[in-house]
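Residue-level listing of the chains:
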Amino acid sequence: MTRQHIVFLTGAGVSVESGLSTFRGKDGLWTNEEWAYLASTDALYNDTQKCLDFYNFRRKKFAEVEPNEAHRMIAELENDHQVTVITQNVDNLHERASSSHVIHLHGELNKVCSIENRTTCVKEYPLTTPIKVGDKAEDGSQLRPYIVMFGEYIDSMNVAIDYVSKADIFVVIGTSLKVYPAAGFINYAHHEVPKFVIDPGEMDQCTQLGFTHFKTTATAGMKMLLEAFKEL
């Protein structure tokens, strides 16, 4: 296969084999109503320390896991292709696997920002250092996780859509595509380009649009994808 621009859309399923939970699958994070509340702007402003403690718990968990083979195989494609990863995940496992161009739709838990404006005072912050009420951003306001919480706008949507629309190959991995606006990305891929979806669940919305479905885990699916690439 000649050099192509491959665009991946990844969700929690790509990090499951690293030991992280999904969000909307069986036993996913958002099946717990209290956790879903703690990930909202209501909790951020009205129960600030409880909200921060929830994210401190998740940050600590992220520090304990490593990229899996699926992350590494995506990164290794950069040896021969231009690769863009658009991820719904807030972990940094794609970057730790050496992917160099990652667009985080929902933010990054290894960074913090100002509670006054999510786009300001953004900086790296150790995953093992808890964020507490009273910790200040550079503008003097409360420090908060650099995360798109329920009730907030996804700033990078238009940039991500532009990459999908210009992709030579589009691959969806480990996302249920049940949540908009990210679920709408599949509609922006050009109808003539090869499209693949890797997920153990039913993905009728993709197959109806001409996606090849590898109904399996992220790592097994990536191996099948690399074999399929040999035929392109």
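Note that the structure is predicted; figures quoted are calculated from it, not measured.

Reading guide: rules and limits
Residues numbered from 1 in each chain as written. Predicted model: local features only at pLDDT ≥ 70, side-chain atom pairs only at ≥ 80, totals over all residues. Heavy atoms only, no water. Core = buried A, V, L, I, M, F, W, Y, C linked by side-chain atoms within 4.5 Å. Buried < 20%, exposed > 50% of the residue type's maximum accessible area, 1.4 Å probe, protein only. Helix = DSSP H or I, 4+ residues; strand = E, 2+ residues; numbered from the N terminus. Contact = heavy atoms within 4.5 Å. Salt bridge = Lys/Arg side-chain N within 4 Å of Asp/Glu carboxyl O. Pairing = 2+ DSSP bridges. Arc of directions from axis to C-beta.

(A) How the structure looks around the nonpolar core. Within the largest apolar cluster, 24 residues are counted, with the highest numbers of intra-cluster contacts made by Leu-9, Ile-86, Leu-105, Phe-170, Val-172, Leu-177 and Phe-185. For this core, the secondary structure elements donating two or more residues are β1 (5-10), α6 (157-165) and β7 (169-173). A total of 4 residues in this core trace back to one element, the largest contributor, which is α6. Setting aside residues up to four positions removed in sequence, Ile-86 forms contacts with Val-7, Phe-8, Leu-9, Thr-10, Ile-103, Leu-105, Ala-160, Tyr-163, Val-164 and Phe-185. Counting 21 residues, the second-largest nonpolar core is a separate cluster that includes Met-73, Ile-74, Leu-225 and Ala-228.

(B) Region of interest: the pattern of salt bridges. If you walk through the whole model with that rule in mind, you get 11 salt bridges. For Asp-135, the salt bridge is made with Lys-132, and the minimal N-O distance between the two is 3.8 Å. Here Asp-135 falls in the buried class, since its relative accessible area comes to 17%. Between Lys-166 and Asp-162 there is a salt bridge; the shortest N-O distance is 3.3 Å. On the basis of relative accessibility, which here comes to 35%, the residue Asp-162 falls in the partly exposed class. Several salt bridges share partner residues, and in doing so they unite Arg-118, Arg-144, Glu-152 and Asp-155 into one network.

(C) Here's a closer look at the sheet that holds strand β4 (residues 107-114). The strand order β5-β4-β6 describes an open sheet built from 3 strands, whose pairing is antiparallel. Strand pairing shows two members of the sheet lacking a second neighbour, β5 (123-124) and β6 (143-147), which therefore form its edges. Alignment of β4 against β6, held across 5 bridges, turns out to be antiparallel. Note that in β6 the partner of Ser-114 across the bridge is Leu-143.

(D) A look at α6. By the burial criterion, the buried members of α6 are Met-157, Ala-160, Ile-161 and Val-164. End-on view of α6: buried residues confined to an arc of 100 degrees, all on one side of the axis. Of the surrounding secondary structure, the elements contacted by the buried residues of α6 are β1, β2 (82-87) and β7.

(E) Region of interest: the side chain of Asn-68. By secondary structure assignment, the location of Asn-68 is in the loop between α3 (48-63) and α4 (69-76). With residues near it in sequence (within four places) discarded, Asn-68 still touches Val-14, Ser-15, Glu-17, Ser-18 and Thr-219.

(F) The arrangement of unusual backbone geometry in detail. Here Ser-98, not a glycine, exhibits a phi torsion of approximately 90 degrees, which is positive. Within the secondary structure, Ser-98 sits in the loop between α5 (93-96) and β3 (102-104). For Cys-121, which is not a glycine, the phi torsion comes out positive at approximately 60 degrees. With respect to the element layout, Cys-121 can be found in the loop between β4 and β5.

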